[in-house]
Amino acid sequence: MEATLSPPPLSAFLRRLLPLSLPPLLLASRHLRVSSCAHGSDGDRIVARPSSELRRGIRENSSKVEDEKILSLRRLFSRPDVGIDAYIVPSQDAHQSEYIAECFRRRAYLSGFTGSAGTAVVTKDKAALWTDGRYFLQAEKELSRDWTLMRSGTRGVPTTSEWLNDILPPGARIGIDPFLFSFDAAEELKQEISKKNHKLILLKEFNLVDEIWNDSRPDPPSKPTRVHDIKYAGVDVVSKLSYLRSHLGESGCTAIVVSMLDEVAWLLNMRGSDVPHSPVFYGYLIVEPYRATLFVDTKKVTKEVLNHLTNAGVELKPYESVLAEIESLALKGAKLWLDTSSVNAAIVSVFRSACERYSSQLNNNSTNQSIHHGGPDAVYQVSPVALAKAVKNNAEIEGMKNAHLRDAAALVEFWCWLEKEIENNVALTEVDVADALLEFRQKQEGFIETSFNTISGYGANGAIIHYRPIPGDCSLVENKNLFLLDSGAQYVDGTTDITRTVHFGEPSKRQKECFTRVLQGHIAIDEVIFPERTPGFVLDVLARSSLWKVGLDYRHGTGHGVGAALNVHEGPQSISFRFGNLTALQKGMIVSNEPGYYEDNSFGIRIENLLLVIEANVPNAYGGIEYLGFEKLTFVPIQTKLVELSLMSPGEIKWLNDYHGQVWEKVSPLLNGEALDWLSKNTRPI
């Protein structure tokens, strides 16, 4: 991540309040995988015992706690203004973002576990961390013996609330920072722990991890925001706000709080660099029928951005004043639209408290004309911005296509270089390879940054789904095993995400079969035709069918939504085995297609392209409805020597040859020299 300029001192309130997705245990994960390994890399020290042992009451190997951060946190429990028996530390910031600024990585600071999804819980005598299958192996390596790893999604593993209900005596006080929980998540937690008469304590004046982090805590981000050009945005701010106001009118609401950072950026045609890998900035937006207010650190607003906002009728207020504005709206009798799946519990609780004060004020002064008739109220429903943002307009689609072609050129140049280096026995680590890929991308016009940490996994490391190599503690990339590379980029006009798995030597029969079955699932998704109003989970089985035939599977979703020059993970659409997401795939949405297979301590396979949902050209329209399909956005060769042709149908072979024909046609004009020769060699028909 780029170094940031040191900002002027901010209030303690702003440092804590400045802001990932919903709590990881409540969201469908991007890549979920089950691991049976329970030992660290040294092989003889247990760093996280199987969580199923908790049900049997087995105690830690050592009762002595050595982690000073845990001890420091526990000392705060008895402070008069705290008074709790347990404290929950999620991964989130105040905007439920997936990626967060360094100064808000509280769970990582406390536990040492650096994965993007996880929840830490500390009681007076225990410390546990929940994460999903993407991070089991990583957590085993990073957690000290003072932590118990809870492998979420594994049979017999309790949720955080179940665990707290099991180990705490009735009537315990469980503390949270309400800015870091969506209102829905906080309410669910409150309901679950009430079964044992526990009380949820909202500590909104301070965060306990910040109290022990002190001066070593990184400064908040301070880089300026920028205007996202209309030629990439496609629709101006006034039109977007008009669309949102029409929804306000239809719902009878007088204001809406927009708190998701990508929704704020999309609505205002702005971008920022507050969060690694995501071109967003920390801010809230409140939209009323004749007014719109952006709550942001005004030092980040350049003259160009200020003029842009002024022309759209958007006012500016300090970021930390949002709670005061929420109170003011309630006292004026506003009917507030709140998406409680994303708006944090602090905002909702402040609004509710202000509503109670309104009632009292109304009783004391019924003639006050500043109070709207009917009193304040809230409508709790999903933000209309999420779906509008997910359905791309023509300019956004064009930008995504252009960005993917430039990205493909960079990747072809990179693979050409890497293959030659491996052939020449040049010693390259996984980090070296990731750094080199970044250099190739940086040469492309409009490149801004990576869209997530590059997953560069050789051999067994490829089986760690969200593996991140660390300098000095990673593998060499050689020609004896599979190499998985999952990477992406943020360009001024689009966002990319691509995975390729290759072998620089001779793959085994097992590896070829597994790769081919993953490829067959990838092809099945790419070719599917489906009726409108079909949710993504209906398609997920197609990606797994070939693997299921031989008793194999992967425990992560098949596809996630992708933003246009925005977050690489975008809702509400997805393709996943989790059938709770009923969002229909719609024309203009973009999703990933990334089936995989992971063999613990051996290798990992994933093949990923991005797809645009389009209207399918079919001869019939049964029921008078529209049928949809996919158009590929990603054009990079798939290594054919890993394909076991005897398993492939003629139609699947034709798909692969046709795809490589498209790759050559679209990408070759952007290349020359050795890279062009490499592309020609790797797109030949099989």
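Residues numbered from 1 in each chain as written. Predicted model: local features only at pLDDT ≥ 70, side-chain atom pairs only at ≥ 80, totals over all residues. Heavy atoms only, no water.

The name given to the protein chain in an unreviewed UniProt entry is Xaa-Pro aminopeptidase 1, with Rhynchospora pubera as the source organism. Within the UniProt record for the protein chain, the comment given under Cofactor (unreviewed entry) is "Mn(2+)". (UniProt positions renumbered as here; feature names shortened; annotations may be inferred.)

Colleague: Talk me through the sheet that holds strand 13 (residues 335-338); I want residue IDs and the actual numbers.
Modeller: Pairing is mixed in the open sheet, where six strands are placed in the order 12-11-10-8-13-14. The sheet is open, and its two edges are formed by strand 12 (314-317) and strand 14 (377-380), each paired on a single side. Neighbour-to-neighbour, the strand axes of the sheet open up by a mean angle of 25°, direction not taken into account. Where strand 13 lies against strand 14, four bridges are found, and the strand directions are parallel. In the sheet register, Trp337 faces strand 14, and the bridge partner there is Val379. Taken strand by strand, helix 10 (residues 261-268) contacts strand 8 (255-258), strand 10 (283-288), strand 11 (291-296) and strand 12, and its axis lies near 55° from that of strand 10. (Pairing = 2+ DSSP bridges. Helix = DSSP H or I, 4+ residues; strand = E, 2+ residues; numbered from the N terminus. Axes fitted to C-alpha atoms, helices over the stretch in contact; angles between N-to-C directions. Contact = heavy atoms within 4.5 Å.)

Colleague: Which residues make up the sheet that holds strand 18 (residues 489-491), and what values go with them?
Modeller: Read from one edge of the open sheet, three strands run 15-18-19, paired in antiparallel fashion. Each edge of the sheet is formed by a strand with only one pairing partner; in this case those strands are strand 15 (447-450) and strand 19 (494-495). Of the strand pairs in this sheet, strand 18 and strand 19 are connected by two bridges, and their pairing is antiparallel. Considered in strand 19, the bridge of Gln490 is made with Thr495. Its contacts with the sheet place helix 16 (residues 430-442) against strand 15 and strand 18, and it is angled at close to 160° to strand 15.

Colleague: How would you explain the side chain of Arg606 if you had to name every residue and give the values?
Modeller: Looking at the secondary structure, you find Arg606 in strand 26 (residues 603-606). Arg606 gets classed as buried once you look at its relative accessible area, which sits at 0%. Polar side-chain contacts of Arg606 include one of 2.7 Å to the side chain of Tyr598. (Buried < 20%, exposed > 50% of the residue type's maximum accessible area, 1.4 Å probe, protein only. Polar contact = N/O pair within 3.5 Å; in protein donor to acceptor, adjacent residues only side chain to side chain.)

Colleague: Tell me about the environment of Ser194, and please be specific about residues and values.
Modeller: Position of Ser194 relative to the elements: it lies in the loop between helix 6 (183-193) and strand 6 (199-202). Once the C-alpha coordinates of Ser194 and Ala172 are considered, the two residues, 22 residues apart in sequence, prove to be 9.7 Å apart. A distance of 2.6 Å separates a polar side-chain atom of Ser194 from the backbone oxygen of Gln191.

Colleague: Would you mind going over the pairing of strand 27 (residues 609-615) in detail, with residue names and values included?
Modeller: When you tally the buried positions in strand 27, you get five out of seven residues, the bulk of the element. Where strand 24 (residues 590-593) and strand 27 come together, four bridges link them in antiparallel fashion. Its bridge partner being in strand 27, Val591 is matched across the sheet by Leu611. As defined by bridge partners, strand 27 adjoins strand 28 (residues 627-632) across five bridges and the pair is classed as antiparallel. Residue pairing across strands places Glu615 opposite Leu628, the latter belonging to strand 28.

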